[in-house]
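Now for the letters of each chain:
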Amino acid sequence: MIISLQPAAEEAMFEIAEFINAVHTDGAGARWIDKLTAFLKSYAKSDVQYVLCRNEDFLNAKLSCITFNGWVIAFKIMEDEFVVFHIVRGDLLQ
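In short, a report on the structure.

With that out of the way, let us pick up the nonpolar core. Residues Trp32, Leu36, Leu40, Ile73 and Ile87 are the most contacted members of the largest nonpolar core, which totals 21 residues. Mapped by element, the contributors of at least two residues to this core are helix H1 (7-23), helix H2 (28-43), strand S2 (64-68), strand S3 (71-78) and strand S4 (81-89). For Leu36, the contacting residues outside a window of four places in its chain are Met13, Phe68, Ile73 and Ile87.

Structure representation (C-alpha cells):
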C-alpha cells in the first residue's frame, strides 16, 4: 500500500523533525521520520477498517486517527493508498 502525506501533514512532519533536531543531537529528526514512516507502514493495510477520530473536525472529515509518541495522525485509506491528512500533538486536540 502506498503511503502519502497531504501538504499540511508533510509540513508538520518536517517541522517536528526540525524541532527534534534542535533539542537533541543532529540527525534525531531524520531518525524520528524513519520511525514514523515504519509506524505508518504497520497501519497501512487495506483489509482493516479503522474507527473514526473522536475529534469533531476529523470526525466530520471521516478521518481515522492513530497515535505515535503523543502525536495524533489523522488519515484515510482510499483504495490502495494510506493518506495522512494531519499530524497534531494530542494534547492540543479537544
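Inspection of the entire model under this criterion finds one disulfide. The disulfide that involves Cys53 links it to Cys65, with 1.9 Å between the sulfurs. Across the S-S bond linking Cys53 and Cys65, the dihedral sits near 100 degrees, which makes this disulfide right-handed. With Cys53 in the loop between H2 and helix H3 (56-60) and Cys65 in strand S2, this pair connects stretches of sequence that are twelve residues apart. In this structure Cys53 comes out as buried when scored by relative accessible area, which is 5%.

What the rule picks out here adds up to seven aromatic pairs. Summarising the aromatic geometry, the rings of Tyr43 and Tyr50 are spaced 5.8 Å apart at their centres and angled 50 degrees between planes, so their arrangement reads as tilted. Note on Tyr43: relative accessible area 26%, which makes it partly exposed. Chaining the aromatic ring pairs together yields one cluster made of Trp32, Phe39, Tyr43, Tyr50, Phe68, Trp71, Phe75 and Phe82. Positioned above the aromatic ring of Trp71 is the side chain of Arg89, whose terminal nitrogen or guanidinium carbon lies 5.2 Å from the ring centre.

At Lys62, a position not held by glycine, the phi torsion is positive, near 60 degrees. As for its position among the elements, Lys62 is in the loop between H3 and S2. Taking the relative accessible area as the measure of exposure, Lys62 reaches 56% and is therefore exposed. Unlike most non-glycine residues, Asn69 shows phi in positive territory, near 50 degrees. By secondary structure assignment, the location of Asn69 is in the loop between S2 and S3. Overall, the relative accessible area of 59% leaves Asn69 in the exposed class.

Rules used in this analysis
Sequence positions are assigned chain by chain, starting from 1 and proceeding in written order. Two thresholds apply to this predicted model, a pLDDT of at least 70 for residue-level local features and 80 or more for giving and counting side-chain atom pairs, whereas whole-chain, interface and lining totals are computed over all residues. Hydrogens and waters are ignored; side-chain quantities use all the structure's heavy atoms. Only buried Ala, Val, Leu, Ile, Met, Phe, Trp, Tyr and Cys residues count toward a nonpolar core, and they belong to the same one when joined by side-chain atoms within 4.5 Å. Burial here depends on accessible area, computed with a 1.4 Å probe over protein chains only, as a share of the maximum for the residue type. Under 20% is buried, over 50% is exposed, and the range in between is partly exposed. We count a stretch as a helix when DSSP gives it H or I for four or more residues in a row; a strand needs E for two or more, and each element gets its number in order from the N terminus. Only heavy atoms matter for contacts: two residues are in contact if any of them lie within 4.5 Å across the pair. Cysteine sulfur atoms that pair up within 2.5 Å are treated as a disulfide. Centre distance within 6.5 Å is the pairing criterion for rings of Phe, Tyr and Trp, where only the six-membered ring of Trp is used; planes under 30 degrees apart are then read as stacked, over 60 as edge-to-face, and the remainder as tilted. Any Lys NZ or Arg CZ found within 6 Å of a ring centre and within 35 degrees of that ring's normal is scored as a charge over the ring.

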